[in-house]
Amino acid sequence: MDCYACDQNRRIDTLPARELVAADEHWRVAHAFDSTLPGWLVLVPRRHVTSIAELSDAEAASLGTWQVRLSRALHAVTGCAKTYVIQLAEKEGFAHVHFHVVPRMPDLPADRRGPAVFGYLNAAEGDRLDEAQQDDIAAALRAQLDPAR
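Okay, so let's go over this structure. Position numbers for residues start from 1 in each chain and track the written sequence from start to end. Whole-chain, interface and lining totals are the exception, using all residues; otherwise, since this is a predicted model, local features are given only for residues with pLDDT of at least 70 and side-chain atom pairs are given and counted only at 80 or more. Computation of side-chain values covers all heavy atoms of the structure but excludes hydrogens and water.

Within this document, salt bridges are pairs made up of a side-chain nitrogen of Lys or Arg and a carboxyl oxygen of Asp or Glu, the two lying within 4 Å of each other. In this structure the tally under the stated criterion is five salt bridges. Here Glu131 and Arg18 are joined by a salt bridge, their closest N and O atoms 3.3 Å apart. Of the two residues, Glu131 is situated in helix α3 (residues 131-145) and Arg18 in the loop between α1 (4-10) and β1 (22-23); the sequence distance between them amounts to 113 residues. Its salt-bridge partner being Glu59, residue Arg47 comes within 2.7 Å of it at the nearest N-O pair. Here Glu59 lies in helix α2 (residues 57-78) and Arg47 lies in the loop between β3 (41-45) and α2, a separation of 12 residues in the sequence. Numbered from the N terminus, helices here are DSSP runs of H or I no shorter than four residues, and strands are runs of E no shorter than two.

This paragraph deals with the layout of surface pockets. In this model, the largest pocket occupies a volume close to 430 Å³. Forming the walls of the largest pocket are 23 residues, and the residues nearest its centre are Val42, Phe94, His98, His100 and Leu121. Mapped onto the lining of the largest pocket, the elements with two or more residues apiece are α1, β2 (27-31) and β3. All amino acids are sorted into three groups, where Ala, Val, Leu, Ile, Met, Phe, Trp, Tyr, Cys and Pro are nonpolar, Asp, Glu, Lys and Arg are charged, and the leftover types, Gly among them, are polar. Across the lining of the largest pocket, the residue classes break down as 12 nonpolar, six polar and five charged. Here a cavity means grid points, on a 1 Å grid over the protein atoms only, where a 1.4 Å probe fits yet cannot get out; a pocket means an open set of points with protein on both sides within 12 Å along at least five of seven lines; lining residues are those with an atom within 4 Å of a point. Grid points are joined across faces, edges and corners, and a volume is the space filled by probe spheres set on the points. Taken as a whole, the second largest pocket encloses approximately 160 Å³ of empty space. Tyr4, Arg18, Glu19, Phe33, Glu125, Arg128, Leu129, Asp130, Glu131 and Gln134 together form the lining of the second largest pocket. When grouped by side-chain class, the residues that make up the lining of the second largest pocket number three nonpolar, one polar and six charged.

Written out as structure tokens, the structure is:
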């Protein structure tokens, strides 16, 4: 099986901040590696599933909580007006269920709203946020997600 999410999950103890914004026993949060939009997050189950119907009751029970927590953290860190939550899992090598949690900025152009937001993903290497930028955003989000706050 060639699965990017599973490869990353197997290395969870050595992942950089951008690949481990937060995690629990069921989910891992990463910053999208190929985005030009700061704060584009991916919520990934820690075990391999290819359909939402395959989620365990425990995974399903915490899914909504994660989506809300991430949306609140993104609002605090990026100033977004709202978040989009999207799940497709169709791309070759990325069939592992994952949820895109995307900050919709107040000034997002009308032609990039809704599904057109995907125009900020799959960016060429020189156009995407670099690893240091992703790590900085991850650190700020991690601070917002800290339960001690």
